[in-house]
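Take a look at the letters that make up each chain.
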Amino acid sequence: PAGLERRTDAAVVGERSWTDADVDCLLERRTVVHFCAAARSRWMHAIRSGVLVDVDGEDKVADWWGQIDYLIGRQPERISIVFAFA
């Protein structure tokens, strides 16, 4: 949104998102998302870099949902297919 400063520090974005006005959505694997109208032309969307957590002595990347203490581990790879039509 206009007037909000966008965070750029990856660690801060991983913990707090880009702005305090962001709406974070948790999408399950194999989910399709369709953006149209304002969501496609004026809104911003992205995947956060996640946070590093210690799992059995090894650093792993995880995401959180709702509260930072509710962590969801990431899969080793992510595939994103974008279809853009003018």
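J.: Describe the sheet that holds strand 3 (residues 67-73), and please don't skip the residues or the numbers.
T.: Whether parallel or antiparallel, the strands of a sheet pair through hydrogen bonds between backbone atoms. With antiparallel pairing, 3 strands are arranged side by side in an open sheet as 1-2-3. Each edge of the sheet is formed by a strand with only one pairing partner; in this case those strands are strand 1 (51-55) and strand 3. Within this sheet the neighbouring strands show an average axis-to-axis angle of 60°, counted without direction.

J.: Pulling in residues and values, what's your account of the side chain of Ser-17?
T.: Topologically, Ser-17 is positioned in the loop between helix 1 (10-16) and helix 2 (38-41). By relative accessible area, which is 1% here, Ser-17 ends up buried. Setting aside residues no more than four positions away along its own chain, Ser-17 makes contact with Arg-7, Val-12, Asp-22, Asp-24 and Arg-48.

J.: Hey, could you go over the layout of surface pockets for me, with residue numbers and the actual values?
T.: A volume near 2600 Å³ is recorded for the largest pocket. As for the largest pocket, its lining consists of 48 residues, and the residues nearest its centre are Cys-25, Leu-27, Val-33, Ala-46 and Ile-47. When residues of the lining of the largest pocket are traced back to their parent elements, those giving at least two are helix 2, strand 2 (58-65) and strand 3. Here the element with the most residues in the lining of the largest pocket is strand 2; it accounts for 4 residues. Its residues assigned to classes, the lining of the largest pocket comprises 27 nonpolar, 8 polar and 13 charged.

J.: Please provide a residue-by-residue account of the environment of Ile-81, values included.
T.: Along the chain, Ile-81 falls in the segment after strand 3. With 49 residues separating them in the primary sequence, Ile-81 and Val-32 have C-alpha atoms 9.6 Å apart.

The rules behind the values
- Residues numbered from 1 in each chain as written.
- Predicted model: local features only at pLDDT ≥ 70, side-chain atom pairs only at ≥ 80, totals over all residues.
- Heavy atoms only, no water.
- Pairing = 2+ DSSP bridges.
- Helix = DSSP H or I, 4+ residues; strand = E, 2+ residues; numbered from the N terminus.
- Axes fitted to C-alpha atoms, helices over the stretch in contact; angles between N-to-C directions.
- Buried < 20%, exposed > 50% of the residue type's maximum accessible area, 1.4 Å probe, protein only.
- Contact = heavy atoms within 4.5 Å.
- 1 Å grid on protein atoms, 1.4 Å probe; cavity = no way out; pocket = protein on both sides within 12 Å on 5 of 7 lines; lining within 4 Å.
- Points joined across faces, edges and corners; volume = space filled by probe spheres on them.
- Nonpolar A, V, L, I, M, F, W, Y, C, P; charged D, E, K, R; others polar.

Bear in mind that shape data such as this cannot, by itself, settle questions of function.
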